[in-house]
Amino acid sequence: MTQTTKGPLSGVLVIDLSRILAGPYCTLLMAEMGARVIKVEPPKGGDDARAYGPFVNGRSTYFASVNRGKESIALDLKAEADRAIFEKLLAKADVVVENFRPGTMEKLGFGWDTLRKKFPQLIYASASGFGHSGPNSKDPAYDMVVQGMGGIMSITGNEGQPPSRVGMSIGDIGAGLFTAVAVNAALVHRLKTGEATKVDIAMFDCQIALLENAVMRYTVEGEIPGPLGARHPTITPFQAFKTSDGAIIIAAGNDGLFVKTCDALGRPDIAADADYKSNALRLKHHHRLEAALESVLKGNTTAHWLAILAKAGVPAGPINNIKQALEHPQVAARNMLIEVPDGSGGTLKLAGNPLKMSAFDDPATRRPAPDLDHDRDSILSFIGG
């Protein structure tokens, strides 16, 4: 068996039919936790993400970023010989993950109702746009479609401006995270009861679940939230402010931190103002409060205020670009930028694993993402031909 990362899922075999991002992100997390993940890809081109840039020597680094440490075999699930190989894999597997449109697996003869009878040990996980029930179940979807339909774009961006896409693929990544959580729960359930189960994750559902306080603001207060830029909708001051050379985030999440903030800025009189004595009052008068605080902050640099606020114990931070974020010393200290062979003698630097567990090492390197069908021989040997 190809060596995998040691982790809490060591010994778990995942058959990964998914492609692009939501499903592969789920199985990446499982691989990072020690599972053996075998990607089953179509022979012509493989996972669509192999065609997404940026590229290094013809290889997609987009694909590598969510498929490192996996194995690949190319199978045509409409061809009898390849279907037989696939069924041998399923017989040994703990989990199968797919992100096809609902109904696709049934057309192939590999839907849940069929697989549960043939392979009673097999956990079946599906991540689709709208799930396996409801009026939109069969509709196609990509990340940005569910960002728009799920309301998150309507609360992203600046007030008075058109809705904005979240700067990363929160529709896909959210679904991938929820699928990984559910699969791990299904593994625990099977361990306790012997029963395998179907996991049905909808990207749209995940967007609704991630709306946080926007849901309550509508269901409780009847408010339809809109974009607020870098300001929190229910806590003040909890936002970005301009400084003399950029911006700073100040997160005064309670009355005590608000007082500390004003004292650190040399303006205790602001905290003493009766209009700002509670968060509800600060929220009511947020325009005037923001102007008062920003007039002080614009008098010096971001670095100056960060040092002062840190000394006062006030949560604050800069607004980093990607270069600044990746070069922050905390990234190196937490091994959050790891190296992966690029397949051409060089290395890629990719995001590390945020799941830190005391019982397992977190190595600085990972195995590469596989070329299409790279592991056919070893996989066929594993299943007996």
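Residues numbered from 1 in each chain as written. Predicted model: local features only at pLDDT ≥ 70, side-chain atom pairs only at ≥ 80, totals over all residues. Heavy atoms only, no water.

Caption draft 1: Here's a closer look at the overall build of the protein. Tallying secondary structure elements over the protein gives 17 helices and 13 strands in all. Taken along the three principal axes of its C-alpha coordinates, the protein extends 80 × 50 × 40 Å. The buried share among the 385 residues of the protein stands at 43%. In the protein, 68% of the contacts between residues at least 6 apart in sequence involve partners at least 24 apart. As displayed, the protein offers around 18,900 Å² of accessible surface, 57% of which is attributable to carbon and sulfur atoms. (Helix = DSSP H or I, 4+ residues; strand = E, 2+ residues; numbered from the N terminus. Buried < 20%, exposed > 50% of the residue type's maximum accessible area, 1.4 Å probe, protein only. Contact = heavy atoms within 4.5 Å. Areas by Shrake-Rupley, 256 points an atom, 1.4 Å probe, with all protein chains shown as cover.)

Caption draft 2: Here's a closer look at the packing of helix α3 (residues 80-92) against helix α17 (residues 376-383). The interhelical angle for the contact between α3 and α17, taken along N-to-C directions, is 65 degrees, at an axis separation of 10 Å. The way α3 lies across α17 gives a crossing that is left-handed. Note on element contacts: α17 touches α3 through R376, I379, L380, F382 and I383, opposite I85, K88, L89 and K92. Considered class by class, the residues forming the contact of α3 with α17 number 6 nonpolar, no polar and 3 charged. (Axes fitted to C-alpha atoms, helices over the stretch in contact; angles between N-to-C directions. Left-handed = near helix turned anticlockwise from the far one by under 90°. Nonpolar A, V, L, I, M, F, W, Y, C, P; charged D, E, K, R; others polar.)

Caption draft 3: Inspection of the pattern of salt bridges at higher detail. Inspection of every chain in the model, using the stated rule, returns 21 salt bridges. D255 is paired through a salt bridge with R282; the nearest N and O atoms lie 2.8 Å apart. With D255 in helix α10 (residues 255-264) and R282 in helix α12 (residues 279-284), the pair connects residues that are 27 residues apart, well separated along the chain. Using a relative accessible area of 40% as the deciding quantity, one classes D255 as partly exposed. Residue class for R282 comes out buried when judged on its relative accessible area of 1%. R288 is the partner of D275 in a salt bridge, and the nearest nitrogen-oxygen pair spans 2.2 Å. Taken together, the residues D275 in the loop between α11 (268-272) and α12 and R288 in helix α13 (residues 286-297) connect sequence positions 13 residues apart. Given a relative accessible area of 26%, D275 falls into the partly exposed group. (Salt bridge = Lys/Arg side-chain N within 4 Å of Asp/Glu carboxyl O.)

Caption draft 4: Expanded view of α17. Taken together, the buried positions of α17 are occupied by I379, L380 and I383. Along α17, the residues classed as buried sweep out an arc of 100 degrees about the axis, all on the same side. Pointing more than 90 degrees away from the buried face of α17 are the exposed residues D377 and S381. Where the residues of α17 are buried, they touch β2 (36-41), β5 (71-74) and α3. (Arc of directions from axis to C-beta.)

Caption draft 5: Structural detail: the packing of aromatic side chains. Throughout the structure, instances matching the rule amount to 5 aromatic pairs. Each ring, one from F130 and one from F204, has its centre 5.8 Å from the other, and the planes form 45 degrees; the classification is tilted. Here F130, found in the loop between β7 (123-128) and α6 (143-149), pairs with F204, found in helix α8 (residues 203-209); they are 74 residues apart in sequence, far enough to count as distant. The ring of F258 carries R282 above its face, with NZ or CZ at 4.5 Å from the centroid. (Phe/Tyr/Trp six-rings, centres within 6.5 Å; stacked < 30°, edge-to-face > 60°. Lys NZ or Arg CZ within 6 Å of the ring centre and 35° of its normal.)

Caption draft 6: Summary view of the environment of V331. Inspection of the secondary structure puts V331 in helix α16 (residues 329-333). By relative accessible area, which is 15% here, V331 ends up buried. Taking the C-alpha atoms as reference points, V331 and L355, 24 residues apart in sequence, are found 14 Å from one another.

Caption draft 7: Molecular detail of the environment of G131. Its location among the elements puts G131 in the loop between β7 and α6. Measuring from C-alpha to C-alpha, the distance between G131 and P102 comes to 7.2 Å, with 29 residues separating the pair along the chain. Not counting chain neighbours up to four residues away, the residues in contact with G131 comprise P102, S137, D200 and A202.

Caption draft 8: Representation of the sheet that holds β5 within the structure. With parallel pairing, 6 strands are arranged side by side in an open sheet as β5-β2-β1-β6-β7-β8. The open sheet has two edge strands, β5 and β8 (198-202), and neither has a second partner. Taken over all neighbouring pairs, the strand axes of this sheet differ in orientation by 20 degrees on average, direction set aside. Relative to β2, strand β1 (residues 13-16) runs parallel, the two being bridged by 4 bridges. Across the sheet, the residue bridging to I15 is I38, located in β2. (Pairing = 2+ DSSP bridges.)

Caption draft 9: Representation of the side chain of S169 in the model. Among the structural elements, S169 can be located in the loop between α6 and α7 (170-193). Judged by its relative accessible area of 18%, S169 is buried. Beyond its immediate stretch of four places on either side in the chain, S169 contacts L21, D143 and Q147.

Caption draft 10: The sheet that holds strand β11 (residues 316-318), seen in detail. On the basis of which strands lie adjacent, the open sheet formed by 3 strands has the order β9-β10-β11 and antiparallel pairing. Of all the strands in the sheet, just β9 (238-242) and β11 have a single pairing partner and so form its edges. In this sheet, neighbouring strand axes are inclined to one another by 25 degrees on average, regardless of whether the strands run parallel or antiparallel. In this sheet, strand β10 (residues 247-251) lies alongside β9 in antiparallel orientation, the contact comprising 5 bridges. What sits directly across from Q239, in β10, is I250. On top of the sheet, α13 reaches β9 and β10; it is set at about 45 degrees to β9, its chief contact. Contacts between helix α14 (residues 302-312) and the sheet are confined to β10 and β11, with β10 contributing the most and set at about 20 degrees to the helix.

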